[in-house]
Each structure stands twice: as structure tokens, then as C-alpha cells.
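Read off the chains here:
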Amino acid sequence: MLQTLEKFFQNNPETNTKEYLYARVLLLDAYLYNGSFDKAINLCQELSNSKHKTTQILAQYYLAEILP
């Protein structure tokens, strides 16, 4: 399932819509659920640079949960 989501994001040209960014946050949640902490951290760092403030806040929240 994660591989399908990852492939979707690689092939999706609309990268700055609210829906796309929300789906990225859901992918982040899936990484955490499956124990893929390195991927989760990388995605948090990517999402922290978003133009959307809500996405930045969520990414920072998740990053604080992952890192001690």
C-alpha cells in the first residue's frame, strides 16, 4: 500500500494543492504507523517547507513526536 501511495506522489503534477499536501500528511502518518521513521522524518522536513502554514504546523508537530 505504501508503495502505491509513493508512486502516486511521484507521478502527480499537482504538488501544491491542499488536497495533495493533506494526502502527504496522511502518507506521513502511514510511515509512522509502519515504523518507517527515516521516511517520516524526511517527509516532515519536506512538508516543513510548504507554502501552506497548516502543512508546516502539522509537519513540525509530527517531527516533534518522532524525535526525542
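Residues numbered from 1 in each chain as written. Predicted model: local features only at pLDDT ≥ 70, side-chain atom pairs only at ≥ 80, totals over all residues. Heavy atoms only, no water.

Bringing the packing of aromatic side chains into the picture now. On inspection of all chains with the given rule, the structure shows one aromatic pair. Arranged with centres 5.8 Å apart and planes meeting at 75°, the rings of Tyr61 and Tyr62 form a pair that is edge-to-face. What makes Tyr62 buried here is its relative accessible area of 15%. (Phe/Tyr/Trp six-rings, centres within 6.5 Å; stacked < 30°, edge-to-face > 60°. Buried < 20%, exposed > 50% of the residue type's maximum accessible area, 1.4 Å probe, protein only.)

With that settled, consider the pattern of salt bridges. Enumeration over the complete set of coordinates arrives at two salt bridges. Note that Glu6 and Lys39 form a salt bridge whose closest N and O atoms lie 3.2 Å from each other. Of this pair, Glu6 sits in helix H1 (residues 2-11) while Lys39 sits in helix H3 (residues 37-47), placing them 33 residues apart in sequence. (Salt bridge = Lys/Arg side-chain N within 4 Å of Asp/Glu carboxyl O. Helix = DSSP H or I, 4+ residues; strand = E, 2+ residues; numbered from the N terminus.)

Turning to the packing of helix H2 (residues 18-33) against H3, a few remarks are in order. Where H2 contacts H3, the two axes come as close as 8 Å, and the packing angle between them is 155°. Overall, the two elements H2 and H3 adopt an arrangement that is roughly antiparallel. Along this stretch, H2 crosses H3, giving a crossing that reads as left-handed. Only Phe37, Lys39, Ala40, Leu43, Cys44, Glu46 and Leu47 of H3 make contact with H2, whose side of the interface consists of Leu21, Arg24, Val25, Leu27, Leu28, Tyr31 and Leu32. In terms of residue class, the contact of H2 with H3 is made up of 11 nonpolar, no polar and three charged. (Axes fitted to C-alpha atoms, helices over the stretch in contact; angles between N-to-C directions. Parallel < 35°, antiparallel > 145°, perpendicular 65-115°, else oblique. Left-handed = near helix turned anticlockwise from the far one by under 90°. Contact = heavy atoms within 4.5 Å. Nonpolar A, V, L, I, M, F, W, Y, C, P; charged D, E, K, R; others polar.)

In this structure, Leu27, Leu28, Tyr31, Leu43, Cys44 and Leu47 are the most contacted members of the largest nonpolar core, which totals 18 residues. Only H1, H2, H3 and helix H4 (53-66) provide two or more residues apiece to this core. Ignoring any residue separated from it by four or fewer positions in sequence, one finds Leu43 in contact with Arg24, Leu27, Leu28 and Tyr31. (Core = buried A, V, L, I, M, F, W, Y, C linked by side-chain atoms within 4.5 Å.)

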